Amino acid sequence: GDDFNSDLPFYERWIIWILLKLFIQTAEDGTMGLLTGMMATDAQSGILYGPKNGLYGPAVPNPPKDYETDPVAQKMLWDTSEATTGTTFTV
């Protein structure tokens, strides 16, 4: 049995369960965007694959958002990643 939040009243557990089923994917479904981008023969470079609405559904091509292609944001992420890991990597 599912003892998810067993300290909550039944109706609250039921509402949470319904919302989770509607808006959250399984780990297997969540992996499909990564697998599609890595393994699909028609996968395109620079395209992110995942649910169309960002929450659930089949993995489809999603064009990058502005902040994902912003050179300043990319540099900040790269620099922060190197500082956090204590490693440098030159491309």
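Analysis parameters
- Residues numbered from 1 in each chain as written.
- Predicted model: local features only at pLDDT ≥ 70, side-chain atom pairs only at ≥ 80, totals over all residues.
- Heavy atoms only, no water.
- Helix = DSSP H or I, 4+ residues; strand = E, 2+ residues; numbered from the N terminus.
- Buried < 20%, exposed > 50% of the residue type's maximum accessible area, 1.4 Å probe, protein only.
- Contact = heavy atoms within 4.5 Å.
- Areas by Shrake-Rupley, 256 points an atom, 1.4 Å probe, with all protein chains shown as cover.
- Lys, Arg positive; Asp, Glu negative; His and termini not counted.
- Charge placed at Lys NZ, Arg CZ, Asp CG, Glu CD.
- Expected span 1.5 Å × (residues − 1).
- Bend = angle between axes of the 7 residues up to and from the residue.
- Salt bridge = Lys/Arg side-chain N within 4 Å of Asp/Glu carboxyl O.

1. Some points on the overall build of the protein chain
- Along its length, the protein chain carries four helices and two strands.
- Ordering the α and β elements of the protein chain from the N terminus gives α-α-β-β-α-α.
- Taken along its principal axes, the extent of the C-alpha atoms in the protein chain is 55 × 35 × 25 Å.
- Within the protein chain, buried positions represent 7% of all 91 residues.
- Within the protein chain, counting contacts between residues at least 6 apart in sequence, those at least 24 apart form 16% of the total.
- Summed over all atoms, the accessible surface of the protein chain reaches about 7,800 Å², with 64% contributed by carbon and sulfur.
- Between the averaged position of the 5 positive side-chain charges in the protein chain and that of its 12 negative side-chain charges there is a distance of 5 Å.

2. A few points about the side chain of Asn62
- Note on placement: Asn62 falls in strand β2 (residues 59-62).
- Among residues more than four places away in sequence, those in contact with Asn62 are Ile47, Leu48, Tyr49, Gly50, Pro51 and Lys52.

3. Observations regarding helix α4 (residues 71-85)
- End to end, α4 covers 21 Å across 15 residues, agreeing with the expected 21 Å (1.5 Å per residue, within 8%).
- Burial analysis of α4 places just one of its 15 residues in the buried class, which makes it a mostly uncovered element.
- The positive-phi residue at the C-terminal boundary of α4 is Gly86, with phi of around 70°.

4. So, helix α2 (residues 27-39)
- The end-to-end C-alpha distance of α2 is 18 Å, a good match for the 18 Å that 13 residues give at a rise of 1.5 Å each.
- Approximately 30° is the largest bend angle found in α2, and it occurs at Gly33.

5. Things to note about the pattern of salt bridges
- In this structure the tally under the stated criterion is one salt bridge.
- Asp79 is paired through a salt bridge with Lys75; the nearest N and O atoms lie 2.6 Å apart. Here Asp79 and its partner Lys75 are both found in helix α4, four residues apart, which amounts to about one turn of the helix.

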